[in-house]
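Observations on chain architecture
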Amino acid sequence: QVQPVDAGGGLVQAGGSLRLSCVASGPTFSTTAMGWFRQVPGEEREFVAAITAGGRTYFADFVKGRFTISRDNAQNSVYLQMNNLTPGDTAVYYCAASKYKEFGTDAYYLYPYSFVSWGQGTQVTVSS
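What comes next is a walk through the structure.

What counts, and where the lines are drawn
Residues numbered from 1 in each chain as written. Predicted model: local features only at pLDDT ≥ 70, side-chain atom pairs only at ≥ 80, totals over all residues. Heavy atoms only, no water. Disulfide = S-S within 2.5 Å. Helix = DSSP H or I, 4+ residues; strand = E, 2+ residues; numbered from the N terminus. Buried < 20%, exposed > 50% of the residue type's maximum accessible area, 1.4 Å probe, protein only. Phe/Tyr/Trp six-rings, centres within 6.5 Å; stacked < 30°, edge-to-face > 60°. Lys NZ or Arg CZ within 6 Å of the ring centre and 35° of its normal.

A closer look at the state of the cysteines
Under the defined criterion, the tally for this structure stands at one disulfide. Here Cys22 pairs with Cys95 through a disulfide, and the sulfurs are 2.1 Å apart. Between Cys22 and Cys95 the sulfur-sulfur dihedral comes to about -80°; the bridge is accordingly left-handed. Of the two residues, Cys22 sits in strand E3 (residues 18–25) while Cys95 sits in strand E9 (residues 91–98), which places them 73 residues apart along the sequence. A single burial state applies to Cys22 and to Cys95, both of which are buried.

Set out below in structure tokens:
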């Protein structure tokens, strides 16, 4: 099973950028869809972005046009490039490995219960 380790969070001013990194151990990374989620204390974990084994990408509405997701199978890595950050993006961000290689049309594939292995989380704080 793929085991992600995420990193790259930090403190940034509104309008700035950060790139989060996720390195995943395990032999099946290249055939595993990967995602990023975020969570604020006291709130539900929410979907941010995902990329499938074939490179199809998915984004939550609140990050479209600002965030991009990519993967490098040679390095067993996935990245979340976050641009034009706002204080509303402040959260702990988690990298996660999906049960699946590709996603169907149902939103089921983008919910946390469709992901089976999680990173430890990395804090992103955006100041005004």
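A word on the packing of aromatic side chains
Summed over the entire model, instances satisfying the criterion amount to eleven aromatic pairs. An aromatic cluster is built from Tyr58, Tyr100, Phe103, Tyr108, Tyr109, Tyr111 and Tyr113, whose rings are joined through pairwise contacts. Of note, Arg19 hangs over the ring of Tyr79, and the distance from its end group to the ring centre comes to 4.2 Å. Over the ring of Tyr94 we find Arg45; its NZ or CZ atom is 3.8 Å from the centre of that ring.

These results come straight from atomic positions and should not be treated as a statement about function.
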